[in-house]
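Chain residues, written in single-letter form:
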Amino acid sequence: MDMHSGIKTEEKKIVTEAYLLKISDDCNSLINTANEHKRSSQFEKAGDAFVKAAELMHSHRYRNSTVIAAYEDAATCYLQIKDCRALACYLSAVDIFVKTEKIEEGIENCFIWGYKCGQELVDKNKGEELYKKGEDLRHEHGLPHSCVITHFDETQLEIEDDSKREQYLNELTELSMKLFADFALKRMKNFTVKFFIYVIYKIKCLKELQKNMKK
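This is a predicted model, so every value here is computed, not measured.

Here is what the cut-offs are and how they apply
- Residues numbered from 1 in each chain as written.
- Predicted model: local features only at pLDDT ≥ 70, side-chain atom pairs only at ≥ 80, totals over all residues.
- Heavy atoms only, no water.
- Phe/Tyr/Trp six-rings, centres within 6.5 Å; stacked < 30°, edge-to-face > 60°.
- Helix = DSSP H or I, 4+ residues; strand = E, 2+ residues; numbered from the N terminus.
- Buried < 20%, exposed > 50% of the residue type's maximum accessible area, 1.4 Å probe, protein only.
- pLDDT = per-residue confidence, 0-100.
- Contact = heavy atoms within 4.5 Å.

Peer 1: Please explain the packing of aromatic side chains as it appears in this structure.
Peer 2: The way to describe two aromatic rings as a pair is by their centre distance and the angle between their planes. Within the structure shown, the criterion is met by two aromatic pairs. An angle of 15° between the planes, with centres 4.7 Å apart, marks the rings of tyrosine 90 and tryptophan 113 as stacked. Separated by 23 residues along the polypeptide, tyrosine 90 in helix H4 (residues 85-99) and tryptophan 113 in helix H5 (residues 103-120) bring together distant segments of the chain. On the basis of relative accessibility, which here comes to 1%, the residue tryptophan 113 falls in the buried class. Aromatic side chains phenylalanine 111 and tyrosine 131 sit 6.4 Å apart centroid to centroid with 40° between the ring planes, which places their arrangement in the tilted category. Pair noted here: phenylalanine 111 is in helix H5 and tyrosine 131 is in helix H6 (residues 125-140), with a separation of 20 residues, a long-range link. The same class applies to phenylalanine 111 as to tyrosine 131, namely buried.

This is how it looks when you write it as structure tokens:
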């Protein structure tokens, strides 16, 4: 390699590094903007910014978990205003799971996100679209039915520390959402309907207790 070729190679390297740095700055700027809008309850603008960040990161092969998180953040914002674009965000995230061969994670999240859409959106059929997506993926890849719930500790419901109890309440809420997703698709093998009702009842009681404690 002569000196002239070496200089050109170095110049290309500098240009590439500068370009990647700009992309990184753009992504960070979009995420920061999205979070600012979210904090000020401007959920549509927040969702739009999260989507732009997700698309930019995905096109430049950022870590898949980071891209999925951005799509999920966007969907969460859209759900706040009952915007059906939440469904598109969730489907984009599922597609990434599928393309990276994380099929089971994709299927599980179809049910979790389907439940959220069914609860928050005016058009309840949007949730069904995600349920169907999960079932289609299961059939396509020959995966058996399985319950996504693996652990439940009733003693945690009696925690006295407010912060720890609130943390467990959030975990329990997520657990119940997963359980309901299974129930909705008649995938209940290891848990009964009675147990599901019991979990929901406990959540309701704890929320009521927390509300009274704050008064």
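Peer 1: What should I look at first to understand the confidence of the model for the protein in this one?
Peer 2: Interpretation of this model should avoid reading the predicted coordinates in detail wherever pLDDT is low. Mean pLDDT for the protein: 75, with 57% of residues reaching 70 or above. Within the model, pLDDT remains below 50 along residues 146-157, and this stretch shows 31 contacts once partners closer than five positions in the same chain are excluded. Overall, residues 184-194 carries pLDDT values under 50, and its contacts beyond four positions in sequence, including any with other chains, amount to 20 contacts.

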